[in-house]
Amino acid sequence: MPIDFSDLLDDDDEVVLHPRDIFFTLNRGPSFSFPRDIQTEVMNQWFERRNERDSIIKLNVGSGKTLIGLLHLQSSLNESKGPALYVSPDKQLSQQVMQEAKSLGIEVTDNPRDPDYLAGEKICVINVFKLFNGKSVFGVGNSKIDIGTVVIDDAHACVSTITEQFRISLPNTHEAYQEIFSTLAEDLKGYNEARFLDLEASDPRAHMEVPFWSWHVHHSEILKILHEHRSDSELEFVYPLLSELLAQCRCVIGGQYLEIEPYFPASDLIQSFRRAKRRIYMTATLADDSVIVTHFGANHDDLSSPIVPSSSQSMGERMILMPQELNADITTIEIRDLLSELSERVNIVVIVPSKAAVRIWEEKADQVLIGDAVAEGVKKLREGHVGLTILVNRYDGIDLPRDACRVLVVADLPEVNSYSDLVDSEVLSGTSLNLRRQIERIEQGMGRGVRSNEDYCVVLLLGPKLTSRLRAPEGQSMLTPSTRAQLELSRKIARKLGATGLKEIEDVILQCLNRDPNWIKISKKVLLNLESDDELRFDAGKLALRSAFDSARMNQHQAALSVIDKVIDEASDDHIKAWLLSKKAVFQHAIDADGAQKTLIVAHRMEPSITKPMHGVTYKTIGPAIGQQASALISNHQSRFLDATQMQLFADELCADLQFKPETSDIFEAAINSLAWFLGIKGQRPEKDYKEGPDNLWALPDSSFLVIECKNGVTSSNGISKRDAGQLGQSIGWFEKRYPASSVIPIIIHPNRELGQGASLVNSMRVIDPAGLEKLRTNLRALSKQLVNPDVSGSMSEVIKRLNQFELKADTFINAFSVPVKA
């Protein structure tokens, strides 16, 4: 008769608690013989600190985080700290966790209502959407299903999903959009009439944040509108979360859709998550850990140093190359064609920031993955050879191990994902806050192709803006130690190449792919002596704003102001200080509306691109640069550029932005302003900075002016529309009031030279059409190549010669690049 061994187990009073000991009690598959040293080290540290409510585990990709997370949850179950929940960024990764758990011999389920999960006998594995949504099975505002211990795997990758779950997005075809727009119309018109008309015309390029004082008056009416439509597909999963938060939300209305979202996701509304006894966040080492506080609600003061292994040797092998740093003349098209040939041999994945960025790659691509197509496309890559894959705006939450990706390309800077981020980034452009966000996204993208310490991949970083950010000392300082070491190694190797063309870059790539033994040896050696990164990096401004947001939710507005005032006093960057002041005004309005406007006036004087105060601000006129254009150019360049490469990359950035392309109006207008600065001409953006006047205004050294309206996103071929010509006429009227007796030339940048039906000619009006813009880009590139020579860039007479040669001197600019309008 067989012996019932379970009786003997029941007689054993000693429960196995240590995760490593649990590992050896499991009926494991053959792939799990022993935990790695790194895994054991992390498990030992966590076990000693397991009673910390919020703990952060930082591990490089490929360190075996899934095993660690599962064992920590099993340990918690054994200690009666259940139920135990494992949260991954998406469904595909949840399935991988389930498979690994079964191979380990750990009991799991994907159903939170499973009695075995509720009884603490199985670990429940779900994706982050299932936990954080307005119809969460765990309950919103009350606790339907308890959580004892929760692991948030790849916490940074989960953040984007959580943020989306707290954002209402309504297309302009939705009835609620029309009702909300109608409710706010008079306020929007009074705030910025020109932008309001664009919104009214459903212009896809237009967007406007609803002023906070208007939102304060109307949010109750808008709540009623949303309530009536709460069962609609666009609202059913979001409305229950935002209905309690609407007063603390911001709303941005665009010509095609509107967005409403709180200043931070209130993850505490999922009460069982807030009440969990243990919350374990597993992350990579990244530039900003603030999200653990701002998005998951951890208490900053209670957070200890992260749990990390003593060594960084678990990072896989990456050859990181920036081709346009090696040779600024290499184009993305040339790199694309090189990669297209190489993709016949290996899988290559290119991450682009947007749908618009796909255009340059799609003719050579074997698959373009966006939205719901991503999971199936990634599966194909993991199963065999595909070729060249384009991945649209996916920098995290995707595993591409081994042959799934041997060359990974991050093309151009990551773009923002929402209107609110866009509005903030317009203010914070050029600040450390914005740079940190970009660097973090780039590093997340770079990590997709190396998923274990045995894996290898070539990483190419493309685009003048991206290259420029990573070349800057501040950008490099934000990289993790392992990425910084790998990048520096690759740059040392690149410097040995001397003259660098496509052939040399291809040869270096092949040394990695063909497994050159010396490359393998040195690439592993560079990581040997790296110390582990046990620092938590928090942004004081974000933490203060989250604290203020929580205080405002409890109607503790004075407490909100106190915490913001402290961080404003400590801010050294005027852009960031102005941005924080504008946020202070939002919270101040509830108790001191007049004081909030005064705060906004102070902020607007520091940074004109923030919200304009209710009663407007005094417009500041500009005059021509003192002295010659060449002198101003030299002074500008010497104050900003560290070397000639940085200058040439900046010129390449401008050329990349100065294109006729839909939905890029703000980027284009910013480039026109930067072009003036680059050429030694004074420029301004009145419409953006003061909510009135033209898109761009140039003050030429001869005391004349250019009033410029940018219509680079126009797609119609019916000529210059009545509305576009009318805007230029209004801008000239604005100019004549503020600059009486000054000479002015009206310029419109437009894909068509002819006036459309009903459009009125503006006196002396000229057009920069596609031919003129292309000539401008060509001449700007040629000038920058000349300025690389220090004998040219440091000599006023030589700079004057080059400005004349390429027709970029102020007095020749108009005739060189613009043409009269055809009436």
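Residues numbered from 1 in each chain as written. Predicted model: local features only at pLDDT ≥ 70, side-chain atom pairs only at ≥ 80, totals over all residues. Heavy atoms only, no water.

### Some points on empty space enclosed by the protein
Under the criterion given, the structure shown has 5 cavities of 30 Å³ or more. By volume, the largest cavity is sized at about 1,000 Å³. Lining the largest cavity are 40 residues; nearest its centre among them are T163, H295, D421, R437 and K542. Per-element accounting of the lining of the largest cavity gives the leading share, 7 residues, to helix α19 (residues 432-446). Tallied by class, residues from the lining of the largest cavity come to 14 nonpolar, 11 polar and 15 charged. (1 Å grid on protein atoms, 1.4 Å probe; cavity = no way out; pocket = protein on both sides within 12 Å on 5 of 7 lines; lining within 4 Å. Points joined across faces, edges and corners; volume = space filled by probe spheres on them. Helix = DSSP H or I, 4+ residues; strand = E, 2+ residues; numbered from the N terminus. Nonpolar A, V, L, I, M, F, W, Y, C, P; charged D, E, K, R; others polar.)

### Remarks on the nonpolar core
With 94 residues, the main nonpolar core has L85, L131, F138, L226, I253, I260 and F296 as its most contacted residues. Sequence-distant contacts of L85, defined by excluding residues within four places in its chain, comprise L73, Y117, C124, I126, L131, F138, I147, T149, V150 and V151. Counting residues in hydrophobic clusters, the runner-up holds 41 residues, among them F641, L700, I768 and L803. (Core = buried A, V, L, I, M, F, W, Y, C linked by side-chain atoms within 4.5 Å. Buried < 20%, exposed > 50% of the residue type's maximum accessible area, 1.4 Å probe, protein only. Contact = heavy atoms within 4.5 Å.)

### Here's the deal with the sheet that holds strand β1 (residues 54-58)
The parallel open sheet is built from 6 strands, whose spatial order is β1-β10-β5-β2-β4-β3. Looking at the sheet topology across the chains shown, the edges are occupied by β1 and β3 (108-109). Pairing analysis gives 5 bridges linking β1 to strand β10 (residues 278-283), with the strands arranged parallel. The residue bridging K58 from the neighbouring strand is T283, located in β10. (Pairing = 2+ DSSP bridges.)

### Observations regarding the pattern of salt bridges
If you walk through the whole model with that rule in mind, you get 49 salt bridges. With its nearest N and O atoms 3.0 Å apart, the salt bridge here joins D337 to R336. Judged by relative accessible area, which is 29%, D337 ranks as partly exposed. Overall, the relative accessible area of 7% leaves R336 in the buried class. One salt-bridge network, held together by shared partners, links E426, D666, E669, R685 and K688. (Salt bridge = Lys/Arg side-chain N within 4 Å of Asp/Glu carboxyl O.)

### A word on helix α27 (residues 574-588)
Each full turn of the α-helix corresponds to 3.6 residues, which orients residues three or four apart in the same direction. Over its 15 residues, α27 extends 20 Å from the first C-alpha to the last, a length consistent with the 21 Å expected when each residue adds 1.5 Å. Counting buried positions along α27 yields 13 of 15 residues, so the element is predominantly enclosed. N-capping of α27 is provided by D573, with a side-chain oxygen placed 2.7 Å from the backbone N of H575. (Expected span 1.5 Å × (residues − 1). Polar contact = N/O pair within 3.5 Å; in protein donor to acceptor, adjacent residues only side chain to side chain.)

### Thoughts on the sheet that holds strand β8 (residues 249-254)
Strand order in the open sheet formed by 4 strands is β6-β9-β8-β7, with antiparallel pairing between adjacent strands. Taken across any chain shown, the strands that pair with only one partner, and hence form the sheet edges, are β6 (168-171) and β7 (207-209). Averaged over all pairs of adjacent strands, the angle between strand axes in this sheet comes to 15°, irrespective of strand direction. Relative to strand β9 (residues 257-262), β6 runs antiparallel, the two being bridged by 4 bridges. When the sheet's bridge partners are listed, L170 is paired in β9 with L258. Packed on one face of the sheet, helix α9 (residues 175-191) meets β6, β7, β8 and β9 and runs near 90° to β8. (Axes fitted to C-alpha atoms, helices over the stretch in contact; angles between N-to-C directions.)

### Let's talk about the environment of V140
Within the element layout of this structure, V140 appears in the loop between α7 (128-131) and β5 (149-153). It is 5.7 Å that separates the C-alpha atoms of V140 and L269, two residues lying 129 residues apart in sequence. Contact partners of V140, with chain neighbours within four places excluded, come to N133, G134, K135, P240, L241, L269 and I270.

### Examining the pairing of strand β19 (residues 705-710)
Across the 6 residues that make up β19, a large majority, 6, are buried. Residues F705, V707 and E709 line one face of β19 and the alternating positions L706, I708 and C710 line the opposite face, and both faces are buried. Of the strand pairs in this sheet, strand β18 (residues 696-699) and β19 are connected by 4 bridges, and their pairing is antiparallel. Following the sheet pairing, N696 is matched in β19 by I708. Connecting β18 to the antiparallel partner β19 that follows it, the hairpin turn spans 5 residues, and S703 within it adopts a positive phi of roughly 75°.

### Regarding the packing of helix α30 (residues 644-657) against helix α34 (residues 770-787)
The packing of two helices is summarised by the inter-axis angle and the distance between the axes. Packing of α30 against α34 leaves a shortest axis separation of 9 Å and a crossing angle of 175°. Classified by the angle their axes make, α30 and α34 are roughly antiparallel. Of the residues in α34, those touching α30 at M647, Q648, A651, D652, L654, C655 and A656 are R777, L780, R781, S784, K785 and L787. The residue makeup of the contact of α30 with α34, split by class, is 7 nonpolar, 2 polar and 4 charged. (Parallel < 35°, antiparallel > 145°, perpendicular 65-115°, else oblique.)

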